[in-house]
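# An overview of the molecular structure
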Amino acid sequence: MASWLGGLGSGLGQSLGQVGGSLSSLTGQISSFTKDILLEGTEEVGDAPTELRVSNSRLREIESIYATQKLENDRLKKVCSDLEEKHEAAELQIKHLSIEYRNQLQQREVEISHLKARQNALQEQLKKLQTAAQSTQLGAGILPPTTTSASFVSVVKHHSSGFQGDDMDFGDVIWSQQEINRLSNEVSRLESEVEHWMQIAQSSRVQGTNNTDQSEICKLQNIVKELKQNLSQEIDEHQHELSVLQDAHRQKLAEISRRHREELSEYEERIEELENQLQQGGAGIDISDRSKIGERQTEKIEDTQNMKELEDKVKQLNQKLSSLENENKILLNERERVKVENSQITQEYEKLKSEFIKLQNCVSEQEMLLKEQGGNLPPTSSEEEVLRLQQALLDAEKEIMKLNALNQTDSFTGAGEDGLKVKKDTQALKEENCKLRKEKEELQKKLASLQHKDEDITSTCIEDQNLELNRLRQDLARKEHELKESITERDRVAAELDELDKQNQETMQHLIALKEQLSKQHTKADTTIAQLKLDIDFERKKVSEVEAEKVELSKELEAQKLKVSQCTFALNDLNVSNQQLQHNINDLQEQLNKSQECNLNNKKEIAELNHNLKQKEEELSVSQDKLAKIINQESNSTYQDLSLKEREAEIAKLNKDISENKQLNQNLEKSVYDLKMENGKLLAVCEELNQQLQEAVAEKSKVSLGKDTILEALKMEKGQLETELSQTKKQLLEQAKKYEKTIEELSNARNMNTTTLQLEHERLVKCNQERDFEIAELKRNIEQIEADHEETKEMLTTSLGGQKQLTELIKEKEVFIEKFKSRALELQQELEQYVKDSKKHEILRQNLEEKDKSLAAVKEENNHLKEEIERLKDQQGRSPPVAEPKTLDIITELETEITQLHVIKNNLEEEIKLHKRTTEDQNQKTVQLQKSLQEHKREIDESKFQYEQMNITHEKVFLEKDEEIKSLQKAIEQIKIQLHSERQVIQTDSSDLFQETKVQTLNGENGNEKHDLSKSETERLVKGIKEREREIKLLNERNVSLTQQIDHLSKDQVGKLTQIIQEKDLEIQALHASVSSSSYRQDVLYLQQQLQAYVMEREQVLAVLSEKTRENSQLKTEYHKIMDMVAAKEAALMKLQEENQKLSNRFESSSQDMFKETIQNLSRIIREKDIEIDALSQKCQTLLTVLQSSNIGTDSGSGGVNSNQFEELLQERDKLKQQVKKMEEWKQQVMTTVQNMQHESAHLQEELHKLQAQILVDSDSNSKLQIDFNGLIQSYEQNEKKMKSFSQELAQVQHSIGQLHNTKDLLLEKLDMVTPPVLMASSVSQASDIPSGTSPEIVSDESKLLQLELEQLKKMLQEKDGTIRTLKENNQRLSDSVAASLELERKGQKETDSEMRQIKEKCDVFQKSLREKDLFIKSKSDQLLSVSENLSNKENENELLKQAVTNLKERNLVLEMDICKLKEENEKIVTRCREKETEFRALQETNMQFSMMLREREFESNSMKEKALAFEKLLKEKEQGKMGELNHLLNEVKSMQEKAVSFQQERDQVMLALKQKQMENSSLQNEVQHLRDKEQRLNQELERLRNHLLEMEDSYTQEALAAEDRETKLRKKVMVLEEKLVSSSTAVENASHQASLQVESLQEQLNLVSRQRDETVLQLTLSQDQVKQYALSLANLQMVLEQFQQEEKAMYSAELEKHQKQTAEWKKKAEKLERMVESLQESLEEANAALDAASRLTEQLDLKEEQIEDLRKQGEIKQEMLEDAQNKLMNLINSTEGKVDKVLMRNLFIGHFHTPKNKRHEVLRLMGSILGIKKEELDQLLSEDQKGVTRWVTGWLGGGGAGSKSVPSTPIRPANQSIFNSSFSELFVKFLETESRPNLPPPKLSVHDMKPLGATGIGNPSSTRSSSLTETAGSGTSRRPDANPFLAPRSAAVPLITPTSLGTGGSGHLLMKPISDALPTFTPLPVLPDASAGAVLKDLLKQ
């Protein structure tokens, strides 16, 4: 109740504090506002009326403020009433909560009762288990019962201690669940209230007032920010708490697992103990009792059955454990699901937050609207309510977060600490609930007040808000439902955990029972099981190693993933740079658009100017016509004619100027057009750049795809490895099952006899040996697998190298992008130039406008002239005779005007010249810009070409890498297959053990075969690795040779460094000498000098380093130059290759066209000639002429063409030869530079070696210094040991002194015992003297007797005096000897102290020097590290240079190869040309043969025609002349006809041949025409090529300058590309080389495997035969062995019994002897001790007798002294009884006035006590009027001041005189202290006083002395320390002076001297240091 009420009070205080804060802020704002207004008024107002106005306005403002304050007061009253109502409501709620809590307490009590019942049941179960265990142990009869009971009790205790506090944890969990349910209900209720208040706030904001200020809004925003920060902090705290809870849960789990392991270890120890006891019991059994053996056999059978049962139970337990593990997994899954749900809840919470922010924004908008509307509504505290609502919302959010945290923590059932944390959290939640309720009640009351005011306005806003409310309520309901679900799930998880705990306990009990049963097993089975366990552990270790390898592979995969992520980052950077470039391009496009707009404006202006010019030309033409007319009219006057001519000349000049202006305008238009063209070109360039960017992006995507494929391949490999691991695990499980089978077989075999058991044991041993062999083979296999893994790792490293190459490519692309950026910048610069040109155009425009103005002026002047001409005409018409003076005036005026016009004309000409110059400059600039644009285009084309080549090479590289990856995958698959083949498990038959052994051997041999196969493959792989190692060695040898070359250089620098190192060595030796010497200051000076020298040497080394860095930079520059040269060479090579390709393409195309055309023509000719032979018979002559002409044409044409082509080819060949020569010269230059580089690198390597030697020397010197330092430390330690020994000796001496003092004290005591009878005798003598004087007569006899006795006594006294004298002499001797010994000891101590001080000083000096040297060594080591780092950097740079040299060499080789290829290509082209020439000649010859054939056939046909004509003529003649000869003629005709038929046949054949010839001729004609066409074409091409060559020469001359600039850029680019190409080519070559090596090694391995297989087959057959023989021999041997063993056992048992009896007897004898020895030793020790005591006693008796005599003498002397002192004291007392010390009374009187008034009555009392006045009288005197008393006292003192003269005056010390501020009582105490210091005789030391004061007095004598001195001289106000001798306690009142203080301190203080026992001393008071001086005085006065 008190906590709830406290929470309510704090909530009320917070709310009131907020109200008060808002009020204070309001009042503060009002006051500041009024102050500002007043200040403004004082500054501004000066007049009376303005002051009145200001005062009126102020009054109004004050009235408004007053009204607002009134309203606020009313509101506060209402708030108070609301708070009272809330208080009552809170009390009601508290009552309700108390009822709920009572219910919860009842529930918990019920739960506690349940848990107690459960605990009792568990205890009963425990007791039952204990009794059962005891009964089983008693039944076994082997073990004693006490051990078992103790072990079980310990186990149970462990269990109970392990699970303590679980009941408390579950109770806390249940309580926290109930709390969470309650809190979730409250949260839902609060959220609903929050929604309600949000609606009201929105409705109230409609009424908002104008009084809200901006400052309050700012405050609200600040508060919101603070709340957000608080929320984030609380979230962090909750997360921290969560992590703490998780850690606690983990710790608890770890503890439980640890306890479980401990219990298991205890059980295992118990089992081992039982086994040992079994072995001991079995050893003592006699073999003679065969009945016992039978019993043992029956027990064995029972044991085997028990074993089987136990194994079954173990299997069941394993199954249960697996089920429990599954349940645990399920629980874990559920926990993860709960976490997911919690995350969902947090997401919903964030959504609510976002909605709240939206609502806030809406509220702010409504406020703004209300302010704009502005009504005079009454002010409300809406903003404060908003604040409170926000706070309530934040509190609700905090509660939700805490609930989430609680849900998460409930999932972990922690220990008691977690419960406490949960309780704390719940208490905090309760307090927050209280606060929230208070705030809620306040809000409710405010709501009630607001609802009354705002019922009219809220009707419109309620509907929307209701919708939002409903939505929020649904969300809340959903959240509540989710919370309930999470709570129920948590309850379920807790119940499942309880069940798990129960199951665990049950399983533990089962395990205990099982382990008790297992303890009864026999030794042989246990040993076999242990061996099997060892095997299994070994295999598990292997599996763990494989898993470790898997983990390493996974780490490598992660590293590759990281690299891939880095690549992706690089790609992202590239994308960013591309975006930047796109932005730049967009900017350029905008600038182009602007320039285009400017050009358009220029065009418009030019058009306007043209229009103006046309108008002006028209006006000029009009004026010219008018002037012509005027000239015609004024032909009379000659002078006027002359003037008109001059004017015409001027007009002509003006016309020329106008034409020039026109030309200028045209030029401007041309320039504008050129600018347009350039803009278009720029746009095209921008588009090309965009395309390139797109291509780059595409390539990046390709690269990323390649990386993804590689990653996928790696993932596949990982998966395969995992599958392999799972297979190995399965195989291990199978082997374990087989081992279990063997165990069962062994247990079955126990039923057989002992002989069979031994046989089986031996067989098992053999099996174990075979298994060991198999394990060794498996180890080898694993080693082979590891080698394979290493190879795979190497492949992975190669793939990583490929990725590095990819990263390099990305970097190159970045370089390209940077180049594009630079080009973009150049384009921007060109644009700026264009802008400048446009500005110049504007200037020209202005000039043109000025010219227009001047033209207008000229026109006006022309008009004036016209008017004057008209006037002249009029004057001529009116008065011609009077015209002469006017004309003269006119002429003068005209002349002046002409001169002015001349001046204007000259100015215009100058301006025109200027314009021309500017236009020429602009034209030149445009030409330059065009050239630069062309250069840029060419560069872009070249970069595109290079980019494409790069892409091609990258694609090739990717393909090669993919092939390599595939080959690796294949190799891995092969290895996996081999592994699977190796890991086939040996199968065994369970029927016969002998057969099993055979099968196992066979299977082992099969495994050996497979193992040999894998061995051969691994050997091949090893060979490949060795070859790679050889290559690496060769490379290393090359590096060594290069380093040797470098070593030859820079010997002078190394000499310098060696000199420096030698100097350092000398200095270090000098340092060693100085350390060994005694004079240290010289060493320090020498060290300082050495430091300076080291500083100088360091500067020298730094100078050497700087020189080397310069040399490095020079080497780098030379390297860059060489790279530029190589780049130039490669560029020239590329050009030559391109030209060769073009020429070869041309030649091949031309030759192929010729061949095709000839073949087609021939086919056509053959067809045509078959048809046209008849027509050819008539046109033979024409054909011959045609054929001749065609032959001539073909000969000349073909020859011309061929000759021209050959000439061109020869020219090109000469050019190529020249270029090759140039390239060879370049190569020689490069070779020389490379040689120079090699020499320089050799120099650098020499320097490196020298520096390394120097570093070694420095390290040696450092090691020497460290050795010296260690020696110094050892010497220091030795000195410390010596000091310790000295201190031990001192302690011994002190002990001896103490013993002497003890003896002295004993003697003194004895003397004191002797003195009393002497005193009695003296007193008797005194008494006898008195009566003798009075009555001499009576005592005469007695006097005689007395005289005799006196004489006797005198004699006795004389004797005793002699003895005393001797004792005194002895005493003096002893005291002298003691004093001498003390002095010697003091001197020795002083010497040892001085030596110690010197040693300490030396040690300090050495430590300082060592520190300095350490610092020096550290600085030197730092310098060495820096030098070594620089050297390593230089070495890296040298390695880079070496790599560059090798790259250059490889490039030279590549270039030479390219040149050789080009030469071969040229030779091939020449051979082709020759072949073509031969083919042309063969065709020409065939053509000639065809033509000859045709001519012959034509001649034959002509001759036949002539013969036919002759025959016809003959026939006609014969017909006319001779008819009779008809028959003869007819016969002849027939014969002739037959001949004719034959001739016709021949003719037909000839015709066919002719047709063929005609076809051939036509084909030849076509060929001739084709050749002519070709001739024409070739001639045209020749002319074109000549023109092109001329143009190219002109362009080359122009491009030469640009090419030089481009060469530098391109060389750099080519260098980069060449580096990449070389790296890629080397990678490709390496990969191909590796692949070839792998292929060769695999082939060799195959051959070896085949051979090994044949060999193993032969070995198998042989081994099988041998195995059979061995089996037979083994069986025989085992029978013989059994017989031997039985005989040996009988012998051994008999001998054992004899030996045991003998050992028992010997042991008894030894024990008796030991007892005797111990008793003898004890008696010896006692006798020795008695002897020592007797010797000591005799010595002490002698000493004491001597001391007694001395002390008797001293006693007498002291008695006399005492009597004198007593007499003197009596006299003093009589003389000083009635006297007072004058000085004392003066001091008291003066002190009375110096003391403060409060303490003066104490002084008066002191005076009264000294004067003898009673206390009562003093009190009466003081109680009366003080003035009278003081007067009386002063008068009395003045009267009685002369009486105290006899007292000795004690002078006051000057320190006390000066101190007047201290009180009188303190001064009096000091006076008494000074007076009570007596001057005493020298001390007599006593051992009794020494021993107790050793702690206080001896420890700090110097401190006590100093403190006492300060007390006497210091002020009275200072507190006295404990060592004050006056105020010291009685135990420490007499401090002794130690020997150390005597040595150093001198005489010491008076109080430090001890007081003798004989004299009476002043006993000091035991007063505390804090007690006041007044109390001390009172005690003194009482005494």
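What counts, and at which threshold
Residues numbered from 1 in each chain as written. Predicted model: local features only at pLDDT ≥ 70, side-chain atom pairs only at ≥ 80, totals over all residues. Heavy atoms only, no water. Helix = DSSP H or I, 4+ residues; strand = E, 2+ residues; numbered from the N terminus. Buried < 20%, exposed > 50% of the residue type's maximum accessible area, 1.4 Å probe, protein only. Contact = heavy atoms within 4.5 Å. Patch = residues over 30% accessible without salt bridge, like charges linked within 9 Å, V, L, I, M, F, W, Y side chains within 5 Å. Areas by Shrake-Rupley, 256 points an atom, 1.4 Å probe, with all protein chains shown as cover. Salt bridge = Lys/Arg side-chain N within 4 Å of Asp/Glu carboxyl O. Phe/Tyr/Trp six-rings, centres within 6.5 Å; stacked < 30°, edge-to-face > 60°. Core = buried A, V, L, I, M, F, W, Y, C linked by side-chain atoms within 4.5 Å. Expected span 1.5 Å × (residues − 1). Axes fitted to C-alpha atoms, helices over the stretch in contact; angles between N-to-C directions. Left-handed = near helix turned anticlockwise from the far one by under 90°. Nonpolar A, V, L, I, M, F, W, Y, C, P; charged D, E, K, R; others polar. Lys, Arg positive; Asp, Glu negative; His and termini not counted. Charge placed at Lys NZ, Arg CZ, Asp CG, Glu CD. pLDDT = per-residue confidence, 0-100.

If you tally the helices and strands in the chain, you get 30 helices and zero strands. Across the 1983 residues that make up the chain, the buried fraction comes to 31%. In the chain, the share of contacts with a sequence separation of at least 24, taken over all contacts with a separation of at least 6, comes to 92%.

So, on to a nonpolar patch on the surface. On the surface, Leu-1769, Met-1770, Leu-1772 and Ile-1773 cluster together to form a nonpolar patch covering roughly 390 Å² of accessible area. Here Met-1770 lies in helix α20 (residues 1526–1775).

Here we come to the pattern of salt bridges. A full pass over the atoms with the stated rule returns 35 salt bridges. One salt bridge in this structure joins Glu-355 and Arg-471, with 3.0 Å as the shortest N-O distance. Residue Glu-355 is found in helix α6 (residues 290–373), and its partner Arg-471 is found in helix α9 (residues 462–518); the two are separated by 116 residues along the sequence. By relative accessible area, which is 38% here, Arg-471 ends up partly exposed. For the salt bridge of Lys-1108 with Glu-1247, the shortest nitrogen-to-oxygen distance reads 3.5 Å.

All right, on to the packing of aromatic side chains then. With the rule as written, the count across this model stands at three aromatic pairs. When the centroid spacing of 4.3 Å and the interplanar angle of 45° are considered together, the rings of Tyr-1094 and Phe-1416 count as tilted. Of this pair, Tyr-1094 sits in helix α16 (residues 1080–1171) while Phe-1416 sits in helix α19 (residues 1340–1521), placing them 322 residues apart in sequence. On the basis of relative accessible area, Phe-1416 is assigned to the buried category, the value being 15%. Between Phe-1789 and Phe-1793, the ring centres sit 4.9 Å apart and the planes meet at 80°, which makes this aromatic pair edge-to-face.

Looking now at the environment of Asp-82. Tracing the backbone through its elements, the reader meets Asp-82 in helix α2 (residues 48–140). Note on Asp-82: relative accessible area 12%, which makes it buried. Separated by 361 residues in the primary sequence, Asp-82 and Leu-443 place their C-alpha atoms 8.8 Å from one another. Not counting residues up to four positions away in its chain, the partners in contact with Asp-82 are Lys-445 and Lys-446.

Grouped burial of nonpolar side chains is what soluble globular proteins tend to show. Ranked by size, the top nonpolar core spans 19 residues in total, and within it Leu-574, Leu-581, Ile-585, Leu-689 and Phe-820 carry the most contacts. At the level of secondary structure, the elements contributing two or more residues to this core comprise α10 (523–633), α11 (638–749), α12 (754–878) and α13 (883–982). Broken down by element, the residue count for this core peaks at six residues, all from α12. In this structure Leu-689 touches Ile-585 and Phe-820, once residues within four positions along its chain are discounted. Counting residues in each nonpolar core, the second largest holds 16 residues, with Tyr-1119, Leu-1244, Ala-1444 and Leu-1448 among its members.

On to helix α26 (residues 1864–1875). For α26, built from 12 residues, the straight-helix expectation of 16 Å at 1.5 Å per residue is met to within 8% by its first-to-last C-alpha distance of 16 Å. For α26, the full list of buried residues reads Phe-1864, Ser-1865, Phe-1868, Val-1869, Lys-1870 and Glu-1873.

Relative to each other, helix α22 (residues 1800–1811) and helix α23 (residues 1815–1823) sit at 145°, their axes nearing to 10 Å. Handedness of the α22/α23 crossing: right-handed. In contact with His-1801, Leu-1804, Arg-1805, Gly-1808 and Ser-1809 of α22, α23 contributes Leu-1818, Asp-1819 and Leu-1822. Split by residue class, the contact of α22 with α23 holds three nonpolar, three polar and two charged.

Let's shift gears to a positive patch on the surface. Judged by side-chain charge, Lys-836, Lys-839, Lys-840 and Lys-925 come together as a positively charged surface patch. Structurally, Lys-836 is set in helix α12.

Fine structural detail should not be taken from predicted coordinates in areas where pLDDT scores are low. Per-residue pLDDT for the chain has a mean of 77; in total, 77% of the residues score no lower than 70. Contacts of residues 880–884 to residues separated by more than four positions or lying in other chains number one contact, the stretch itself having pLDDT below 50. Across residues 1827–1860, confidence stays below pLDDT 50; counting only partners more than four residues off in sequence or on other chains, it has 34 contacts.

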